[in-house]
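Topology and contacts: notes
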Amino acid sequence: MSVMPFGDKSLDLSLPHVMGILNVTPDSFSDGGSFNSLDNALQQTEKMLQEGASLIDVGGESTRPGASPVSTQQELDRVLPVIEAIKKRFDTIVSVDTSTAEVIRGAAALGAGLINDVRALEREGALLAASETELPICLMHMQGNPESMQNSPSYQSVVDDVSGYLLSRVAVCEKLGIAKSRLLLDVGIGFGKSLEHNLTLINQMGRFKELGFHLLTGVSRKTMIGDVLNLPVSDRLFGTMGANASAYKSGSRLFRVHDVKPHVEMLALMSRIEREI
Ligand code: 9MG
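Model, not experiment: these values are computed from the prediction.

**Some points on the overall build of the chain**
Within the chain, the secondary structure is distributed over 10 helices and 10 strands. For 277 residues, the compact-globule estimate of 2.2 N^0.38 gives 19 Å, and the C-alpha radius of gyration of the chain, at 17 Å, lies within 12% of that figure. In terms of principal-axis extent, the alpha carbons of the chain reach across some 45 × 40 × 40 Å. Expressed as a percentage of the 277 residues in the chain, the buried residues total 53%. Long-range pairs, those at least 24 residues apart, make up 67% of the contacts in the chain between residues at least 6 apart in sequence. Accessible surface computed for the chain: about 12,300 Å², of which carbon and sulfur atoms make up 51%. Once the 26 positive and 33 negative side-chain charges of the chain are each reduced to a mean point, those two points are 3 Å apart.

The following block contains the structure:
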């Protein structure tokens, strides 16, 4: 057993868990972000929980390649009402996908159970804000920033460079009193990486497991799946599942996905088979 607390709840990370993606950016709502978006978010949350998600990852700033930053106030306005409503209505873990100190503090006060930061707490004030909460933190690697990260990513050795970076962020966290046991690591598939970099990172995921942290993987519907299969976003489920199955075999236990049910079923089988041998 490897139980990790996530706010008022906990998860056994010897088993796989699915994190359902809930983007609360205007372009993620069919109504363009109007009055109906809170209802829409709650409906999506209910569906993902019924399908077996263990956590819901709520994000108000798009981190897709080419995305521009949003203001702190915009992010607060998008994310906090959704977190509050989910925590009132459902007995689940809410992860807050943010790099912004004010959002970290606000989300923690509303009962969020995980800080998921694609900038590994590098944005001003984020480290201090995260350290003041008791929450676990997912530190993700990104080269550059979403606006330009896919222009010409380059590494000496992608595995060594990404693991070196993540360990340097762990060291910074520890200096501020954040215990290692609160940290999860994520190689950051698609964040300043070519197709070859992404494939190598998934192929070598075991090297990251050897660092001694729980791993989170986010590959759902990403460009690398489309590049390998030559398929549009709408047809990337099977490819996503292949990549996540590979990450599971190498030790990842948290999977950030759009399609919850197929992943819950696939991972239940993989985990059961692993425990029988
Ligand atoms: C917010 N977000 C988008 N992609 C992600 C990924 O791959 N990992 C994590 N931790 N967060 C992500």
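Having put the structure on the table, let's press on.
**Some details on the site of the ligand**
In the vicinity of the ligand, the contacting residues are Thr63, Asp97, Asn116, Val118, Cys138, Met140, Asp186, Phe191, Leu216, Gly218, Lys222 and Arg256. Between aspartate 186 and the ligand, the recorded distance is 2.6 Å, taken from a side-chain N or O atom to a nitrogen atom. Here lysine 222 contributes a side-chain N or O atom positioned 2.7 Å from an oxygen atom of the ligand. If the ligand stood free it would expose 310 Å²; the protein chains cover 97% of that surface. Class assignment of the residues belonging to the shell around the ligand gives a composition of five nonpolar, three polar and four charged.

**A look at the pattern of salt bridges**
Counted according to the given criterion, the structure contains 14 salt bridges. A salt bridge links arginine 123 to glutamate 61, with the shortest nitrogen-to-oxygen separation between them at 3.3 Å. Of this pair, arginine 123 sits in the loop between β6 (114-117) and α4 (126-132) while glutamate 61 sits in the loop between β4 (55-59) and α2 (72-89); the two residues are 62 residues apart in sequence, bridging distant segments of the chain. Classification of arginine 123 as partly exposed rests on a relative accessible area of 26%. Arginine 256 is the partner of aspartate 97 in a salt bridge, and the nearest nitrogen-oxygen pair spans 3.8 Å. Linking aspartate 97 in strand β5 (residues 93-97) with arginine 256 in strand β10 (residues 254-257), this pair joins segments that are 159 residues apart in sequence. Assessed through its relative accessible area of 7%, aspartate 97 is described here as buried. Taking the relative accessible area as the measure of exposure, arginine 256 reaches 17% and is therefore buried. One network of salt bridges, in which partners are shared, links Asp57, Asp97 and Arg256.

**Side note on unusual backbone geometry**
One non-glycine residue, alanine 120, lies in positive phi territory at about 50°. Locating alanine 120 in the fold gives a position in the loop between β6 and α4. When its relative accessible area of 0% is taken as the criterion, alanine 120 is described as buried. You will see that asparagine 230, though not glycine, has its phi angle at about 55°, which is positive. Structurally, asparagine 230 can be placed in the loop between α8 (223-229) and α9 (237-249).

**Here we look at the sheet that holds strand β3 (residues 17-23)**
One key point about sheets: their strands pair by backbone hydrogen bonds, in either a parallel or an antiparallel sense. Sheet architecture is closed into a barrel: eight strands sit in the order β3-β4-β5-β6-β7-β8-β9-β10, paired in parallel fashion. The sheet shows a mean angle of 25° between the axes of neighbouring strands, direction not considered. Against the sheet, helix α1 (residues 37-50) makes contact with β3 and β4, and its axis sits at roughly 165° relative to β3, the strand it touches most.

**Digging into the pairing of β6**
Two faces, one strand: in a regular strand the side chains alternate between the faces of the sheet. Burial along β6 is two-sided: the residues Leu114 and Asn116 and Ile115 and Asp117 are all buried. Chirality of the crossover, the property in question, places the unit of β5, helix α3 (residues 101-109) and β6 among those that are right-handed. A crossover connection joins β6 to the parallel strand β7 (residues 137-140) through α4; in handedness this β-α-β unit is right-handed.

What counts, and where the lines are drawn
- Residues numbered from 1 in each chain as written.
- Predicted model: local features only at pLDDT ≥ 70, side-chain atom pairs only at ≥ 80, totals over all residues.
- Heavy atoms only, no water.
- Helix = DSSP H or I, 4+ residues; strand = E, 2+ residues; numbered from the N terminus.
- Rg over C-alpha atoms; globule rule 2.2 N^0.38 Å.
- Buried < 20%, exposed > 50% of the residue type's maximum accessible area, 1.4 Å probe, protein only.
- Contact = heavy atoms within 4.5 Å.
- Areas by Shrake-Rupley, 256 points an atom, 1.4 Å probe, with all protein chains shown as cover.
- Lys, Arg positive; Asp, Glu negative; His and termini not counted.
- Charge placed at Lys NZ, Arg CZ, Asp CG, Glu CD.
- Near = heavy atom within 4 Å.
- Polar contact = N/O pair within 3.5 Å; in protein donor to acceptor, adjacent residues only side chain to side chain.
- Nonpolar A, V, L, I, M, F, W, Y, C, P; charged D, E, K, R; others polar.
- Salt bridge = Lys/Arg side-chain N within 4 Å of Asp/Glu carboxyl O.
- Pairing = 2+ DSSP bridges.
- Axes fitted to C-alpha atoms, helices over the stretch in contact; angles between N-to-C directions.
- Right-handed = clockwise from strand over helix to strand, strands pointing away.

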